[in-house]
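Given next are the chains, with one letter for each unit.
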Amino acid sequence: MAKLNRLKAVLAEQDKTSKWLAEQVGKSACTVSKWCNNVVQPDLNTLDKIAKLLDVDVKDLLNSTEK
């Protein structure tokens, strides 16, 4: 499966945990874990909320699809 997001890396760069993120966005830790491991992807509204919480651009949370 393609790694579409960099959520795990950005959380690590900011010394934040997936548990912290789950509490901030009102989702279960299991759901956030799936996002971090690229099993499923957050919807666009949630991705925008995550970007604001982490004070980054949404593009910083995504892997480039350019080859």
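See the structure above.
In this report, the structure presented in the accompanying data block is examined. (Residues numbered from 1 in each chain as written. Predicted model: local features only at pLDDT ≥ 70, side-chain atom pairs only at ≥ 80, totals over all residues. Heavy atoms only, no water.)

## Here we look at the overall build of the chain
Secondary structure assignment for the chain yields 4 helices and 0 strands. Sequence-ordered secondary structure for the chain, helices as α and strands as β, is α-α-α-α. The C-alpha atoms of the chain give 11 Å as radius of gyration, which agrees with the globular expectation for 67 residues (11 Å, within 12%). For the chain, the C-alpha atoms occupy an extent of roughly 35 × 25 × 20 Å along the three principal directions. Considering the chain as a whole, with its 67 residues, one finds that 27% of them fall into the buried category. Looking at the chain alone, contacts between residues at least 24 apart form 62% of all its contacts between residues at least 6 apart. When the accessible surface of the chain is summed, it comes to about 4,700 Å², and 50% of that surface belongs to carbon and sulfur atoms. (Helix = DSSP H or I, 4+ residues; strand = E, 2+ residues; numbered from the N terminus. Rg over C-alpha atoms; globule rule 2.2 N^0.38 Å. Buried < 20%, exposed > 50% of the residue type's maximum accessible area, 1.4 Å probe, protein only. Contact = heavy atoms within 4.5 Å. Areas by Shrake-Rupley, 256 points an atom, 1.4 Å probe, with all protein chains shown as cover.)

## Overview of the packing of aromatic side chains
Tallied over the entire structure, the rule returns 0 aromatic pairs. Geometry around Trp20 places Lys16 over its ring, the cationic atom sitting 5.0 Å from the centre. (Phe/Tyr/Trp six-rings, centres within 6.5 Å; stacked < 30°, edge-to-face > 60°. Lys NZ or Arg CZ within 6 Å of the ring centre and 35° of its normal.)

## Examining the packing of helix H2 (residues 18-25) against helix H4 (residues 44-54)
Closest axis-to-axis distance for the H2/H4 pair is 11 Å, and the angle between their directions is 115°. The chirality of how H2 crosses H4 is right-handed. Contacts between H2 and H4 pair Trp20, Leu21, Gln24 and Val25 from the former with Lys49, Ile50, Leu53 and Leu54 from the latter. For the contact of H2 with H4, a count of residues per class yields 6 nonpolar, 1 polar and 1 charged. (Axes fitted to C-alpha atoms, helices over the stretch in contact; angles between N-to-C directions. Left-handed = near helix turned anticlockwise from the far one by under 90°. Nonpolar A, V, L, I, M, F, W, Y, C, P; charged D, E, K, R; others polar.)

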